[in-house]
Amino acid sequence: MDRRWRTIGVLAGGLFAVNVVARLITRFGFDSDDAAADRVSLAMFVVIGLTLAVVAFRWGRVRPLAVWAGDVTIAVVLAMALTVLVGPLVVAHNPFAGGAGTFFAQIWLYLLATGLGTLGGYLVATALGLDYRSQQLKRYAEVKAAKPRRVVRR
């Protein structure tokens, strides 16, 4: 159980670290250029989505969906809370400075990127037949096919 929470914490910390790096790049490299800051934010969301796609692909192969989906959900919620509430403080900004629209837009964009990434990774694993459930069904079919058929005599 301790290892499971550590994995969730590492995933949340990694997602938050991607956000911190993007904020620092924006702050020190493109402080006055809004278009460049938007591109950095877009790149951040792409990296977060790809990270979760890889996690969903790998975890989906070795663990049941109900187990790893809960872990990913907890990690995403933790990372999102850190990103929205603590992330702006890292670069000396107020989390609510842009108003409610900006605050909630960050939340929706974060949920969109993480949802698409997770769904994409799991769908690729499922389409390739590498997900946990497909592997279970494959093993079941192999076991059933390996047993000789019982002949009933009359």
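Residues numbered from 1 in each chain as written. Predicted model: local features only at pLDDT ≥ 70, side-chain atom pairs only at ≥ 80, totals over all residues. Heavy atoms only, no water.

Enquirer: Sorry if this is basic, but what is going on with the layout of surface pockets here?
Expert: Where empty space is left in the structure can be found by rolling a water-sized probe over the atoms. By volume, the largest pocket is sized at about 820 Å³. Forming the walls of the largest pocket are 28 residues, and the residues nearest its centre are Arg23, Thr26, Ser41, Thr102 and Gln106. Secondary-structure elements contributing two or more residues to the lining of the largest pocket are helix H1 (2-29), helix H2 (34-62), helix H3 (65-90) and helix H4 (99-127). In terms of residue class, the lining of the largest pocket is made up of 14 nonpolar, nine polar and five charged. (1 Å grid on protein atoms, 1.4 Å probe; cavity = no way out; pocket = protein on both sides within 12 Å on 5 of 7 lines; lining within 4 Å. Points joined across faces, edges and corners; volume = space filled by probe spheres on them. Helix = DSSP H or I, 4+ residues; strand = E, 2+ residues; numbered from the N terminus. Nonpolar A, V, L, I, M, F, W, Y, C, P; charged D, E, K, R; others polar.)

Enquirer: For this particular structure, what's the right way to read the side chain of threonine 26?
Expert: Note that threonine 26 resides in helix H1. Only 2.9 Å separates the side chain of threonine 26 from the backbone oxygen of alanine 22, close enough to count as a polar contact. For threonine 26, the residues in contact, after removing those within four places along its chain, are Asp31, Ala37 and Val40. (Polar contact = N/O pair within 3.5 Å; in protein donor to acceptor, adjacent residues only side chain to side chain. Contact = heavy atoms within 4.5 Å.)

Enquirer: Would you take a moment to explain the pattern of salt bridges for this structure?
Expert: Pairing is possible between side chains of opposite charge, provided their charged atoms come close. Per the counting criterion, the structure on display carries three salt bridges. Close ionic contact of arginine 6 with aspartate 2 constitutes a salt bridge, the shortest N to O distance being 3.6 Å. Highlighted residues: arginine 6 and aspartate 2, both in helix H1, separated by four residues, approximately one helical turn. What makes aspartate 2 exposed here is its relative accessible area of 55%. (Salt bridge = Lys/Arg side-chain N within 4 Å of Asp/Glu carboxyl O. Buried < 20%, exposed > 50% of the residue type's maximum accessible area, 1.4 Å probe, protein only.)

Enquirer: Would you take a moment to explain the nonpolar core for this structure?
Expert: Grouped burial of nonpolar side chains is what soluble globular proteins tend to show. Counting 25 residues, the largest nonpolar core has Leu11, Leu15, Leu52, Val72 and Tyr110 as the members making the most contacts within it. Secondary-structure elements contributing two or more residues to this core are H1, H2, H3 and H4. Among the elements that take part in this core, H2 stands out by supplying eight residues, more than any other. With residues near it in sequence (within four places) discarded, leucine 11 still touches Leu52, Val55, Trp59 and Ala75. (Core = buried A, V, L, I, M, F, W, Y, C linked by side-chain atoms within 4.5 Å.)

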